[in-house]
Amino acid sequence: MIFRTTPAKAARPALRKVRTGVAPRPLRHRLDPAHVEEVPFRAGDGVRLGLTRIGPADPGRPAVLLLHGHTASADMFLLPETRNLVDVLLDDGYEPWLLDWRGSSRLPYNETGGRYTYDDVALYDIPEAVAHVRERIGDRPLFVVAHCIGSLTLSMSMAAGLVPGLAGVVSQGVFLTPKLAGRTSLRMSVAGELLKTRIDHIPVDIRKVGLWSKYTPLFALASRKAACPDPTCQILHNSAWGTGASLFVHENLDPATHDRLAELLGPAPLWILPHLRRIELARTVVRWHDTDHRYRALPPNALDAAGRIDTPVLLLSGSENGLWLDSQKLCHEVLSRRQPQLDVSYTEIPGYGHLDPFLGRGAALDVFGHVLEFLGAHR
């Protein structure tokens, strides 16, 4: 007779670790810790946000508020492996402020917290961060440099008249007139409907979800015809969370930045897609909440209310933007025609995509000079 021991249960894929603390994840930087001030900050609806002031106390420095894109964080402006935007701003005499709005991957509730729309960012996060910074800086000039969804929601805040009197705004990637490729828009719509009952986020780090998981087909689809073997790079560069778009020009990234992609960009929530689809179909930033009186301060259509914008705006975009295409060029053309009194200019960065104007190893030479030139002209 052969005796058999009870077989051990097959190991299950490790569950995704969820941060439950209240503090944002620490920033990665090479700055003097004495010059990095984490400012306690909550939005008016009670949501804990991240706000960080950088630099020595100097009453003569104009302030610059930096807004990241959705699923990214303030880390995108502080890359320790390259000369980053914060380095450049400090050296040129500015005081950087970094806002981690409620779509930041630094925030502990990023994947588990309450759902929201971009109306919440435009109504609460950005205007209240601007007001908070102004309380600290007094009558010094305040600029804003914004990327992707941070820029898109800022455009709604500006059209609503909620952030008046800014010294200038640099918008990177997209502003008032979002434009996606037809394939990207179709995939976003179809995937949102097919997957919404099974998953609520599309991850970027296969190590956190396991090779044999419900996300495996998404990573497999993203790997088709990909030149890079890294799964995170594939789902971002080759597929942009499964949409078929591309977030950066691969060769523009420093190897260290490439290895940190899963840290710099978090999972993309599917529950935000209905609002994003409405915005993309309208080809402008539109309000999601039409019946909730709390959002009446936001215009139904930001482009129709663009005449309220009272600050100079520089529209930046990489010539190889694989996500928002030529949205910024379109925005400049539309505003020049519909609101010729506005001070809006457009600059295209040759050889750059969507994220690499900030994450690229050569961005300090190729991109940030345009930002400094604009800020200096309105300082």
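Up top is the structure.
**Q** I'd like to hear about helix 3 (residues 148–159), residue by residue, with values.
**A** The first and last C-alpha atoms of helix 3 sit 17 Å apart over 12 residues, in line with the 16 Å expected at 1.5 Å per residue. Burial of helix 3 is extensive: 12 of the 12 residues sit out of reach of the surface. Within helix 3, burial applies to Cys 148, Ile 149, Gly 150, Ser 151, Leu 152, Thr 153, Leu 154, Ser 155, Met 156, Ser 157, Met 158 and Ala 159. Looking at the buried positions of helix 3, the neighbouring elements they touch are strand 3 (63–67), helix 2 (118–137), strand 5 (142–147), strand 6 (168–172), helix 10 (273–282) and strand 9 (313–318). Gly 161 sits one or two positions beyond helix 3 and adopts a positive phi of about 75°.

**Q** Pulling in residues and values, what's your account of the sheet that holds strand 2 (residues 48–54)?
**A** One open sheet accounts for eight strands, arranged 1-2-4-3-5-6-9-10; its pairing is mixed. Looking along the sheet, the strands with just one partner apiece sit at the ends: strand 1 (36–42) and strand 10 (344–349). If you compare each strand with its neighbour and ignore which way they point, the axes differ by 20° on average. As paired elements, strand 2 and strand 4 (residues 95–100) share four bridges and run antiparallel to each other. Within strand 4, the residue paired with Leu 51 across the bridge is Leu 99.

**Q** Summarise the packing of aromatic side chains; cite the residues concerned and give the values.
**A** By the definition in use, this model includes four aromatic pairs. Seen from their ring centres, Phe 77 and Phe 358 are 5.3 Å apart, and the 80° between their planes marks the pair as edge-to-face. Residue Phe 77 is located in the loop between strand 3 and helix 1 (85–91), and its partner Phe 358 is located in helix 12 (residues 356–359); the two are separated by 281 residues in the primary sequence. Like Phe 358, Phe 77 is buried. Considering the side-chain rings of Tyr 116 and Trp 271, the 5.0 Å spacing of their centres and the 80° angle between planes classify their relative orientation as edge-to-face. Placement of Tyr 116 in the loop between strand 4 and helix 2 and of Trp 271 in the loop between strand 8 (268–269) and helix 10 is noted, with a sequence separation of 155 residues between them. Ring-pair connections join several aromatic residues into one group, and the members of that group are Phe 77, Phe 358 and Phe 368. Sitting over the ring of Tyr 94, Arg 379 keeps its end group 4.3 Å from the ring centre.

What counts, and where the lines are drawn
Residues numbered from 1 in each chain as written. Predicted model: local features only at pLDDT ≥ 70, side-chain atom pairs only at ≥ 80, totals over all residues. Heavy atoms only, no water. Helix = DSSP H or I, 4+ residues; strand = E, 2+ residues; numbered from the N terminus. Expected span 1.5 Å × (residues − 1). Buried < 20%, exposed > 50% of the residue type's maximum accessible area, 1.4 Å probe, protein only. Contact = heavy atoms within 4.5 Å. Pairing = 2+ DSSP bridges. Axes fitted to C-alpha atoms, helices over the stretch in contact; angles between N-to-C directions. Phe/Tyr/Trp six-rings, centres within 6.5 Å; stacked < 30°, edge-to-face > 60°. Lys NZ or Arg CZ within 6 Å of the ring centre and 35° of its normal.

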